[in-house]
Amino acid sequence: MPRDVIILECTEAKGEGKPPSRYISTRNKKSLRTPNRLEKVKFNPHLKRRTLHRELR
């Protein structure tokens, strides 16, 4: 299969002392557009706003 299951974790919650939110998503293994860690803006329910989530390895 050309897709990987990845976990996205909030980058801003640790600095504010709250638990980080995590999302599960997929990415294309062979994509030339995203060779590094994937970043998406998702909603963090603990902070009650949209924050940057980065792929865990």
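Heads up: the structure comes first, above all this text.
Because the structure is a prediction, the values reported are computed rather than measured. (Residues numbered from 1 in each chain as written. Predicted model: local features only at pLDDT ≥ 70, side-chain atom pairs only at ≥ 80, totals over all residues. Heavy atoms only, no water.)

Enquirer: Teacher, can you tell me more about the overall build of the protein chain here?
Expert: In terms of helices and strands, the protein chain carries zero helices and four strands. For the protein chain, the N- to C-terminal ordering of α and β elements is β-β-β-β. With respect to the principal axes defined by its C-alpha atoms, the protein chain has extents near 35 × 15 × 15 Å. Counting the 57 residues in the protein chain, one finds 25% classified as buried. Partitioning the intrachain contacts of the protein chain with sequence separation of at least 6 by distance along the chain shows that 44% fall at a separation of at least 24. By element, 51% of the accessible surface of the protein chain is carried by carbon and sulfur atoms, the whole surface being about 4400 Å². Across the protein chain, the mean location of the 16 positive side-chain charges is 4 Å away from that of the 6 negative side-chain charges. (Helix = DSSP H or I, 4+ residues; strand = E, 2+ residues; numbered from the N terminus. Buried < 20%, exposed > 50% of the residue type's maximum accessible area, 1.4 Å probe, protein only. Contact = heavy atoms within 4.5 Å. Areas by Shrake-Rupley, 256 points an atom, 1.4 Å probe, with all protein chains shown as cover. Lys, Arg positive; Asp, Glu negative; His and termini not counted. Charge placed at Lys NZ, Arg CZ, Asp CG, Glu CD.)

Enquirer: Where do I start with the sheet that holds strand β2 (residues 22–28) in this structure?
Expert: Within a sheet, each strand pairs with its neighbour through backbone hydrogen bonds, oriented either parallel or antiparallel. Spatially, the four strands line up as an open sheet ordered β2-β1-β4-β3, and their pairing is antiparallel. Each of the sheet's edge strands pairs with one partner strand only, and the pair in question is β2 and β3 (39–44). Looking at each pair of strands side by side, their axes are set apart by 40° on average, direction ignored. Pairing between strand β1 (residues 3–10) and strand β4 (residues 49–55): three bridges, direction antiparallel. The residue bridging cysteine 10 from the neighbouring strand is histidine 53, located in β4. (Pairing = 2+ DSSP bridges. Axes fitted to C-alpha atoms, helices over the stretch in contact; angles between N-to-C directions.)

Enquirer: Where do I start with the packing of aromatic side chains in this structure?
Expert: Two aromatic rings are characterised by how far apart their centres lie and by the angle between their planes. According to the stated counting rule, one finds zero aromatic pairs in the structure shown. In this arrangement the basic side chain of lysine 42 is found over the ring face of tyrosine 23, its NZ or CZ atom lying 4.8 Å from the centre. (Phe/Tyr/Trp six-rings, centres within 6.5 Å; stacked < 30°, edge-to-face > 60°. Lys NZ or Arg CZ within 6 Å of the ring centre and 35° of its normal.)

Enquirer: Would you take a moment to explain a nonpolar patch on the surface for this structure?
Expert: On the surface, a cluster of nonpolar side chains totalling about 390 Å² of accessible area is made up of Val5, Ile7, Ile24 and Leu56. Mapped onto the secondary structure, leucine 56 falls in the segment after β4. (Patch = residues over 30% accessible without salt bridge, like charges linked within 9 Å, V, L, I, M, F, W, Y side chains within 5 Å. Salt bridge = Lys/Arg side-chain N within 4 Å of Asp/Glu carboxyl O.)

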